[in-house]
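Listed here are the chains, written in short residue letters.
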Number of protein chains: 2
Amino acid sequence: MRNINKNLSTRDIIFYAAVELFSQKGYHGTSIRDITRKVGIKESSLYNHFQGKESILQAILDYQMSEFSKAVDALELLKASNTNKTKDPVEFWMAGTEVFIKNISPLTESISQIIINEMFFNADCRKFYLNVMRKSEMELVTTLFNVMKEKEMIDDCDIEKTASQYIYMLQGLEIENKLKILEGETPEKVRKNLFEHITMFIKRLKK
Amino acid sequence: MRNINKNLSTRDIIFYAAVELFSQKGYHGTSIRDITRKVGIKESSLYNHFQGKESILQAILDYQMSEFSKAVDALELLKASNTNKTKDPVEFWMAGTEVFIKNISPLTESISQIIINEMFFNADCRKFYLNVMRKSEMELVTTLFNVMKEKEMIDDCDIEKTASQYIYMLQGLEIENKLKILEGETPEKVRKNLFEHITMFIKRLKK
DNA sequence: GTCTATAACTCGATAGAC
DNA sequence: GTCTATCGAGTTATAGAC
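In what follows, the accompanying structure is described. Counting restarts for each chain: residues are numbered from 1 in the order of the written sequence. Chains carry letters from A onward and ligands carry numbers from 1 onward, assigned in written order. Side-chain atom pairs in this predicted model are given and counted only at pLDDT of 80 or more, local residue features only at pLDDT of at least 70, and totals for whole chains, interfaces and linings cover all residues. The basis for every side-chain value is the complete set of non-hydrogen atoms in the structure, without hydrogens or water.

Glancing now at the overall build of chain A. Each helix corresponds to a stretch of at least 4 residues labelled H or I by DSSP, and each strand to a stretch of at least 2 residues labelled E; elements are numbered beginning at the N terminus. Summing up its helical and strand segments, chain A has 9 helices and 0 strands in all. Helices and strands in chain A line up, N terminus first, as α-α-α-α-α-α-α-α-α. Considered along the principal axes of its C-alpha atoms, chain A spans approximately 65 × 40 × 35 Å. For every residue, the accessible area (1.4 Å probe, protein chains only) is compared with the maximum for its type, and the residue is labelled buried under 20%, exposed over 50%, or partly exposed between those bounds. Residues classed as buried in chain A amount to 49% of the 207 residues present. Two residues form a contact once any of their heavy atoms are found within 4.5 Å. Summarising the internal contacts of chain A: among those between residues at least 6 apart in sequence, 67% fall at separations of at least 24. Charge counting follows a simple rule: Lys and Arg are positive, Asp and Glu are negative, and His as well as the terminal groups are ignored. Note on charges: their place is set at NZ of Lys, CZ of Arg, CG of Asp or CD of Glu. Of the side chains in chain A, 30 bear a positive and 29 a negative charge, and the two mean positions are spaced by 3 Å.

Attention shifts here to the relation of the copies chain B and chain A. To superpose the copies, least squares is applied to the C-alpha atoms of every residue with a pLDDT of at least 70 in both. Once chain B has been moved 0.0 Å along the axis and rotated by 180°, it coincides with chain A to within an RMSD of 0.1 Å. Here the copies are linked by what is in effect a two-fold axis. A share of 100% of interface residues in chain B that are also interface residues in chain A marks the association as one of identical surfaces.

This part is about the interface of chain B and chain A. Counting from both sides, the interface comprises 39 residues of chain B and, opposite them, 39 residues of chain A. As used here, buried area is the combined drop in accessible area, with a 1.4 Å probe, of two parts when they are placed together. Buried surface at the junction of chain B and chain A, summed over both partners, amounts to about 3,800 Å²; 63% is from carbon and sulfur atoms. When the area that chain B buries against chain A is broken down by residue, the three leading residues are Phe120(B), Tyr168(B) and Arg204(B), summing to 20%. Any carboxyl oxygen of Asp or Glu within 4 Å of a side-chain nitrogen of Lys or Arg constitutes a salt bridge here. For the pair chain B and chain A, the number of links is 8 salt bridges. Lys127(B) is the salt-bridge partner of Glu183(A), the closest N and O atoms lying 3.3 Å from each other. Pairs of N or O atoms are called polar contacts if they sit within 3.5 Å, as long as, within protein, a hydrogen donor faces a hydrogen acceptor (for residues adjacent in sequence, only side-chain-to-side-chain pairs). On inspection of chain B and its partner chain A, the count reaches 14 residue pairs in polar contact (both at pLDDT 80 or more).

Moving on: the protein's contact with DNA strand C. Think of it this way: one heavy atom of a residue within 4 Å of a molecule or strand is enough to make that residue near it. Neighbouring DNA strand C are 16 residues, the closest being Ser44(A), Asn48(A), His49(A), Ile32(B) and Arg33(B). Between DNA strand C and His49(A), the relevant distance is 2.5 Å, taken from a phosphate oxygen to a side-chain nitrogen or oxygen of the residue. One nitrogen or oxygen atom from the side chain of Tyr47(B) is found 3.2 Å from a phosphate oxygen belonging to DNA strand C. Contributing elements (two or more residues each) for the surface near DNA strand C: helix 3 (43-46) of chain A together with helix 2 (32-39) of chain B. Residues are sorted three ways: Asp, Glu, Lys and Arg are charged, Ala, Val, Leu, Ile, Met, Phe, Trp, Tyr, Cys and Pro are nonpolar, and all the rest, Gly among them, are polar. Of the residues assigned to the surface near DNA strand C, the class counts are 3 nonpolar, 9 polar and 4 charged.

This next bit is on the nonpolar core. As used in this record, nonpolar core signifies buried Ala, Val, Leu, Ile, Met, Phe, Trp, Tyr and Cys residues forming a set joined through side-chain atoms within 4.5 Å. By size, the foremost hydrophobic cluster in this structure holds 70 residues, and its most contacted members are Ile35(A), Ile56(A), Ile35(B), Ile56(B) and Ile60(B). Those residues in contact with Ile35(A) that sit more than four places away from it in its chain are Ile14(A), Ala17(A), Ala18(A), Leu21(A), Phe22(A), Thr30(A), Leu46(A) and Ile56(A).

Now for the protein's contact with DNA strand D. Not every one of the 16 residues close to DNA strand D is listed here, only the nearest: Arg33(A), Lys42(B), Ser44(B), Asn48(B) and His49(B). Taking the atoms of DNA strand D that fall within 4 Å of the protein, sugar and phosphate contribute 54% of them. One of the backbone nitrogen or oxygen atoms of Ile32(A) is found 2.9 Å away from a phosphate oxygen of DNA strand D. With respect to DNA strand D, the side chain of Ser45(B) contributes an N or O atom lying 3.1 Å from a phosphate oxygen. Contributions of two or more residues to the surface near DNA strand D are made by helix 2 (32-39) of chain A together with helix 3 (43-46) of chain B. Of the residues assigned to the surface near DNA strand D, the class counts are 3 nonpolar, 9 polar and 4 charged.

Residues and elements named next belong to chain B. To estimate the expected span of a helix, count its residues, drop one, and scale the result by 1.5 Å. Taking 1.5 Å of rise per residue, 29 residues should cover 42 Å, and helix 4 (residues 53-81) covers 43 Å from first to last C-alpha, within 8% of that figure. Along helix 4, the residues that are buried comprise Ile56, Leu57, Ala59, Ile60, Leu61, Gln64, Glu67, Phe68, Ala71, Ala74 and Leu75. On its buried side, helix 4 packs onto helix 1 (10-25), helix 2, helix 3, helix 5 (89-101), helix 6 (106-118) and helix 7 (123-150).

This brings us to the side chain of Arg134(B). Its location among the elements puts Arg134(B) in helix 7. Assessed through its relative accessible area of 7%, Arg134(B) is described here as buried. Contact partners of Arg134(B), with chain neighbours within four places excluded, come to Glu176(A), Tyr129(B), Ile167(B), Tyr168(B) and Gln171(B).

Moving on, we get to unusual backbone geometry. The phi dihedral of Glu152(A) falls on the positive side, at around 55°, and the residue is not glycine. Summarising the element assignment, Glu152(A) is placed in the loop between helix 7 (123-150) and helix 8 (159-182).

For any two helices packed against each other, the geometry comes down to the angle between their axes and how far apart the axes lie. Residue and element names in this part refer to chain A. Axis geometry follows a simple rule: fit a line to the C-alpha atoms, using only the stretch in contact for helices, then measure angles between N-to-C directions, giving values from 0 to 180 degrees. Two elements in contact, helix 4 (residues 53-81) and helix 6 (residues 106-118), have axes separated by 10 Å at closest approach and are oriented at 125°. Between helix 4 and helix 6, the angle is such that the two are oblique. Helix-helix and strand crossings are classified by hand; for helix 4 and helix 6 the assignment is left-handed. Contact residues: Leu57, Ile60, Leu61, Tyr63, Gln64, Glu67 and Phe68 in helix 4; Leu107, Thr108, Ile111, Ser112, Ile114 and Ile115 in helix 6. Taken together, the residues of the contact of helix 4 with helix 6 break down into 9 nonpolar, 3 polar and 1 charged. Here the word oblique covers every angle except those under 35 degrees (roughly parallel), over 145 (roughly antiparallel) and from 65 to 115 (roughly perpendicular). Each crossing gets its handedness from the near helix: less than a right angle anticlockwise from the far helix is left-handed, clockwise is right-handed.

Right, let's get into the packing of helix 8 of chain A against helix 9 (residues 187-203) of chain A. Residues and elements named next belong to chain A. In contact at an axis separation of 11 Å, helix 8 and helix 9 are set at 165° when each is read in the N-to-C sense. Taken together, the axis directions place helix 8 and helix 9 in an arrangement best described as roughly antiparallel. By crossing handedness, the relation of helix 8 to helix 9 is classed as right-handed. Contact residues: helix 8 offers Thr162, Gln165, Tyr166, Met169, Leu170, Leu173, Asn177 and Lys180, while helix 9 offers Val190, Asn193, Leu194, His197, Ile198, Phe201 and Ile202.

Moving on: empty space enclosed by the protein. A 1.4 Å probe that fits but cannot get out identifies a cavity on a 1 Å grid over protein atoms alone, an open set with protein on both sides within 12 Å along at least five of seven lines counts as a pocket, and a residue lines either if it has an atom within 4 Å of a point. Grid points are joined across faces, edges and corners, and a volume is the space filled by probe spheres set on the points. In this structure the tally under the stated criterion is 5 cavities of 30 Å³ or more. Computed from the structure, the largest cavity encloses a volume of approximately 130 Å³. Lining of the largest cavity is provided by Ile116(A), Asn117(A), Met119(A), Phe120(A), Gln171(A), Ile175(A), Ile116(B), Asn117(B), Met119(B), Phe120(B), Gln171(B) and Ile175(B). If you list the elements that add at least two residues to the lining of the largest cavity, you get helix 6 and helix 8 of chain A together with helix 6 and helix 8 (159-182) of chain B. Here the second largest cavity defines a volume of roughly 70 Å³. Every residue lining the second largest cavity is listed: Gln165(A), Phe201(A), Arg204(A), Leu205(A), Gln165(B), Phe201(B) and Arg204(B).

Here's what the structure looks like:
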């Protein structure tokens, strides 16, 4: 792995290897040996770059924090500009969430998986999930729903609860899709299913 | 722990201790030592009752399977009898799901937690979740929605997708509630929130 | 910064006495 | 069925040579 990325620092290579392994086998299921074997260094060398296994996880959380900050900034920009002129609720929705989705790199997605797997056992991950990831998602979704309510694209309703239900759905679909892909299903089928669910949810908000 | 439950076999005591620890700390986060320390026996004694750590997990899956079989049998009974005469959708729904809910013991709930935590890493748990737990839930929810559709308590819609979305919501609420309880929130508040979400979801199915 | 060597410990599991 | 004693493998982490 080190030979492939000669422009990256060893620290970065360790970081990316750790993200991949933690997301696939879990934090506790991955050993320092697994990481260093993947990178192509000895275990002891890792300690020149990180204090230990736990501090790798902390670095991962720090990275994710900076990624989510960017997404929230993009949301502020969206609020201010409000260039979306369409009257179709589904179209409006897709355009609005694009801001968030386009900022999600495969790395961010893998890190989300790590955090979700750890959040029942690790208080740091739990707090990060609730206070950063979930909070950002809620902010995006409630913002969009409020705009749509003003424009009468959706009926009057409890925005907070509706946003929660949308996020529950999205999370459920993500979990199910990951399981299905692990069981051998094609990503295309999974993507189509996701789109249909979102369309159905949004349409149901207008009688 | 052994002194408290003199009427239970050592095997059963090991089983219950394992369920509690696996659900709290995860399968990989729990050692044989953790279990035997809790039970009050030496590590070696455990091997008189189980072949190893993996076979304890298998016994837990077997137990859960028998519990879900009971719930599915109860559903068959419900289909046949059809005693629910109410015209109110929410009331009908609550009565219909009661059959399932009353069969869920705290043990079953803990085991569900274990399986959900393991399903990304362990193929047996993944298959069990998809083919037993998820399938049973879908069967219950689609059955009830179909009856409600016939009785015109809900509008015409894609029952399969609606049922999926209901289950995503329920799962999302369960996850969030577990996290909130770990963070110190009261179970009463959490229960009220759950009821309000279910009510909102069911009401939205009739224009 | 990387290496070898190794400490200090935990893991699941087994042999054999009682 | 429980115990003591122990094994071999795997774990994170450190010391010190290069």
